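A structural walkthrough
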2 protein chains.
Amino acid sequence: MIETPYLLFLGDAPDRLAAKVAQGIRDWRPDNAVGQFRLPGCNADMGLPDMTLEEAKSAGVKTLVIGVANRGGVIAESWKAVLKDALAQGFDVASGLHNLLRDEPELVAAAKEHGRALHDVRVPTVRYPIADGKKRGGKRCLAVGTDCSVGKMYTALAMDMEMKKRGLKSSFRATGQTGILVTGEGVPLDAVIADFMAGAVEWLTPDNELDHWDHIEGQGSLFHVSYSGVTMALIHGGQPDALILCHEPTRTHMRGLPDYDLPTLEQLRDTVLPLARIANPAVQVTGISVNTAALGDDEAELLLREIEDRMGLPTVDPYRHGAERLVDALPA
Amino acid sequence: MIETPYLLFLGDAPDRLAAKVAQGIRDWRPDNAVGQFRLPGCNADMGLPDMTLEEAKSAGVKTLVIGVANRGGVIAESWKAVLKDALAQGFDVASGLHNLLRDEPELVAAAKEHGRALHDVRVPTVRYPIADGKKRGGKRCLAVGTDCSVGKMYTALAMDMEMKKRGLKSSFRATGQTGILVTGEGVPLDAVIADFMAGAVEWLTPDNELDHWDHIEGQGSLFHVSYSGVTMALIHGGQPDALILCHEPTRTHMRGLPDYDLPTLEQLRDTVLPLARIANPAVQVTGISVNTAALGDDEAELLLREIEDRMGLPTVDPYRHGAERLVDALPA
């Protein structure tokens, strides 16, 4: 568990896209984001107050979160001085970079000297159990995609936010780096040992009140041969009651696999349902989430209506139109 | 790669079942098994010459393989003296136990002193790539099961042996501890990090001559919620041309999951085929392997004939009747 609130470190991010993690925190847990820290040359702006470490301290910040990724995921030399300073001033530091904080001797020494924590959210810190498949109380919704990176995390976060807005019981359950930094906890599923993947998902989505919903962040795709095993573990460990199909309509092939076509939404539905029924015979596909970022307003609306008619399921772009209809469609 | 041939260490195995690993090596790589080493109280017998370490040395043995598992998979104190002796006399030591050789300071010290290797086959030693899904030359056969522990390894080994007997190009590709100790190499798939599972299978079954067959050891089951992700990675990383359905007809529920029924062979076929087609559109289910160990001769024959009629596929128990018909049915 990472202590909140955060100061978002944007470093020398060349653009907004490089600060995707900071953007996620800003969008989904604005209360956690007190300010931003930028180095000379930074072109990203979260619209938060720029703060020195001293100002952040006075504002109650507990953790400096690296909200930027550069090529290769390394910790730049220019960043290290700030990170060491932050540790010296009593902040923890959290990162989802490939280059681990714990592999930087200077940072390890500073953290030790000042009694602070380094959080590398790519590395599991829990000894997860082997899945036992026992039925758990409460409800679970899992976003599954026709491909990787089609908006599964966004969909789950939007549904969680909508349920909370309505005063309903809801948790977002993070399974990736960004999600974990957004919420401060979760399971870095792609870094878990094969035998314990499904058990890690069971651990992440435990027994709960009968009217509580977990919105589980999806990973990979059953149709993406590099990561389909991770997706499978989410489907069986998560034993979802509801599935949301996620899609990006302009993609021409599976991400990183030029020889692989995307499945249709019908293929995804017909493939995932029988597999999900193994863990939960009552599971239903309840909605469709389409990432229409690449389309104009009219084009997007036309496409959503076409898919909704074809599939007979509420179809929205939660970024454009909110997740109300996806939440409305969840079973009681 | 573990150096052969082996001396099989049976320790104080209370019965034959406890020496399953030794039995596997004895059955499938008899040329690798020069002798056995037994402690007082051992009730297992591989029918190999009992040898002292000195005799094994003269016979050309390179590695002492722990062929026995006791409850909990620990390395008994009574074994350690022998293992240390073996290292001192110039043998490597290999083990598939949970209790790692490398976690025993006395053994580590002895190995270092005498320049010998400790092989813990449960631990991956390779940095596997992320799967790229590229089509590889050569043919691949994967055994998939209605449940765990239904004879998938045995089926793959029997098919490999039959092909070699016919002078055909064939490799058994081990994905579990016993298989790795049998062949001296492989991937301990259940211990691989989630993101690299499918890539590890691609690495294990590389591009090959067009008429070469890999017989890939299966793991888990698509219907076993604890391990289905591992099975999925084998199906997509292995991009099999042929699938063999494996079944144990007397099981009353999924192994370790009392609330989960076994699927029928039809369900397994209809579930695995569309998933396997994602990686290889030409994949076929070519045969069925039934573990009839719990049945009498007549009962077994009746059952095999009934399944064969029902499914329209060659159906054998390779342990009882050999794998000839499974090999005959592989596509050209």
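Residues numbered from 1 in each chain as written. Chains lettered and ligands numbered in written order. Predicted model: local features only at pLDDT ≥ 70, side-chain atom pairs only at ≥ 80, totals over all residues. Heavy atoms only, no water.

1. Description of the relation of the copies chain A and chain B
When chain A is fitted to chain B, the best match, at an RMSD of 0.0 Å, comes from turning it 180° and sliding it 0.0 Å along the axis. Such values leave the two copies arranged in the relation of a two-fold axis. Comparing interface residues between copies, 100% of those in chain A also lie at the interface in chain B; the contact surface is shared. (Least-squares fit on C-alpha atoms with pLDDT ≥ 70 in both. Contact = heavy atoms within 4.5 Å.)

2. So, helix H5 (residues 152–165) of chain A
All names here are of chain A. Taking 1.5 Å as the rise per residue, H5 with 14 residues should run 20 Å; its terminal C-alpha atoms sit 20 Å apart, in good agreement. Taken residue by residue, H5 has Lys 152, Thr 155, Ala 156, Leu 157, Ala 158, Met 159, Asp 160, Glu 162 and Met 163 as its buried positions. Looking at the residues trailing H5, positive phi occurs at Gly 167, about 75°. (Helix = DSSP H or I, 4+ residues; strand = E, 2+ residues; numbered from the N terminus. Expected span 1.5 Å × (residues − 1). Buried < 20%, exposed > 50% of the residue type's maximum accessible area, 1.4 Å probe, protein only.)

3. Here we look at the domain arrangement of chain A
A common way to state how big an interface is: give the accessible area lost once the parts meet. All names here are of chain A. When its domains are assigned, chain A resolves into domain 1 (6–120) and domain 2 (139–329). A C-alpha centroid distance of 29 Å is found between domain 1 and domain 2. With both sides pooled, the region where domain 1 packs onto domain 2 buries about 1,100 Å², and carbon together with sulfur makes up 69% of that total. Taken as a group, Val 21, Trp 28 and Arg 29 account for 57% of the area that domain 1 buries against domain 2, more than any other trio of residues on that side. Summed over the shared surface of domain 1 and domain 2, the number is one residue pair in polar contact (both at pLDDT 80 or more). Per element, the largest residue contribution to the side of domain 1 that touches domain 2 is five residues, and it comes from helix H1 (residues 20–28). Of the residues in the side of domain 1 that touches domain 2, the class split is seven nonpolar, four polar and two charged. (Domains from an automatic or database assignment. Buried area = accessible area lost by both parts, 1.4 Å probe. Polar contact = N/O pair within 3.5 Å; in protein donor to acceptor, adjacent residues only side chain to side chain. Nonpolar A, V, L, I, M, F, W, Y, C, P; charged D, E, K, R; others polar.)

4. Digging into the pattern of salt bridges
Residues and elements named next belong to chain A. The full count for this structure, using the stated rule, is 47 salt bridges over all chains. Asp 214 is paired through a salt bridge with Arg 140; the nearest N and O atoms lie 3.9 Å apart. Here Arg 140 lies in strand S6 (residues 139–145) and Asp 214 lies in strand S8 (residues 213–216), a separation of 74 residues in the sequence. For the pair Asp 214 and Arg 140, one class covers both residues: buried. Residues Asp 270 and Arg 269 are paired through a salt bridge, measuring 2.9 Å at the closest nitrogen-oxygen approach. On the basis of relative accessibility, which here comes to 47%, the residue Asp 270 falls in the partly exposed class. (Salt bridge = Lys/Arg side-chain N within 4 Å of Asp/Glu carboxyl O.)

5. Re the UniProt feature "domain: D-glutamate N-acetyltransferase-like C-terminal" (unreviewed entry) in chain A
According to UniProt, the positions carrying the feature "domain: D-glutamate N-acetyltransferase-like C-terminal" (unreviewed entry) are residues 130–327 of chain A. The distance separating the terminal C-alpha atoms of residues 130–327 of chain A is 31 Å; by composition the span is 39% helix and 15% strand. (UniProt positions renumbered as here; feature names shortened; annotations may be inferred.)

6. Details of helix H8 (residues 228–238) of chain B
Extensive coverage of H8(B) is indicated by the burial of 11 of its 11 residues. In the core, the buried residues of H8(B) are packed alongside helix H7 (197–204) and helix H8 (228–238) of chain A together with strand S6 (139–145), helix H7 (197–204), strand S8 (213–216) and helix H9 (265–279) of chain B. Backbone geometry just after H8(B) places Gln239(B) at a positive phi near 35°.

7. A few points about the interface of chain A and chain B
Contacts between the two partners involve 31 residues from chain A and, on the opposite side, 31 residues from chain B. For the chain A face of the interface with chain B, the top three residues by lost area are Asp195(A), Val225(A) and Ile278(A), together amounting to 19%. Inspection of the region where chain A meets chain B yields zero salt bridges. At the boundary of chain A with chain B, the tally comes to 10 residue pairs in polar contact (both at pLDDT 80 or more). Those elements that provide at least two residues to the side of chain A that touches chain B are H7, H8 and helix H9 (265–279) of chain A. Looking at the side of chain A that touches chain B, the element that brings in the most residues is H8(A), giving six residues. Partitioning the side of chain A that touches chain B into residue classes produces 21 nonpolar, seven polar and three charged.

8. A few points about the pairing of strand S2 (residues 33–38) of chain B
All names here are of chain B. Pairing of strand S1 (residues 6–11) with S2, which is carried by five bridges, proceeds in the parallel orientation. Paired with Tyr 6 across the strands is Ala 33, a residue of S2. In this view, the connection linking S1 to its parallel neighbour S2 by way of helix H1 (residues 20–28) has right-handed handedness. (Pairing = 2+ DSSP bridges. Right-handed = clockwise from strand over helix to strand, strands pointing away.)

9. Focus: the confidence of the model for chain A
Low pLDDT marks stretches whose predicted atomic positions should not be read closely. Taken residue by residue, chain A gives an average pLDDT of 96. The fraction at 70 or more is 100%. Reported confidences for the modelled complex are a pTM of 0.94 and an ipTM of 0.93. (pLDDT = per-residue confidence, 0-100.)

10. Some thoughts on the packing of aromatic side chains
A complete count under the given rule lists 10 aromatic pairs over all chains for this structure. Each ring, one from Trp28(B) and one from Tyr154(B), has its centre 4.7 Å from the other, and the planes form 80°; the classification is edge-to-face. Taken together, the positions of Trp28(B) in helix H1 and Tyr154(B) in helix H5 (residues 152–165) put the pair 126 residues apart, joining distant regions of the chain. Taking relative accessible area as the criterion, Trp28(B) reaches 8% and is therefore assigned buried. The cationic tip of Lys57(A) hangs over the ring face of Phe91(A); the distance from NZ or CZ to the ring centre is 4.8 Å. (Phe/Tyr/Trp six-rings, centres within 6.5 Å; stacked < 30°, edge-to-face > 60°. Lys NZ or Arg CZ within 6 Å of the ring centre and 35° of its normal.)

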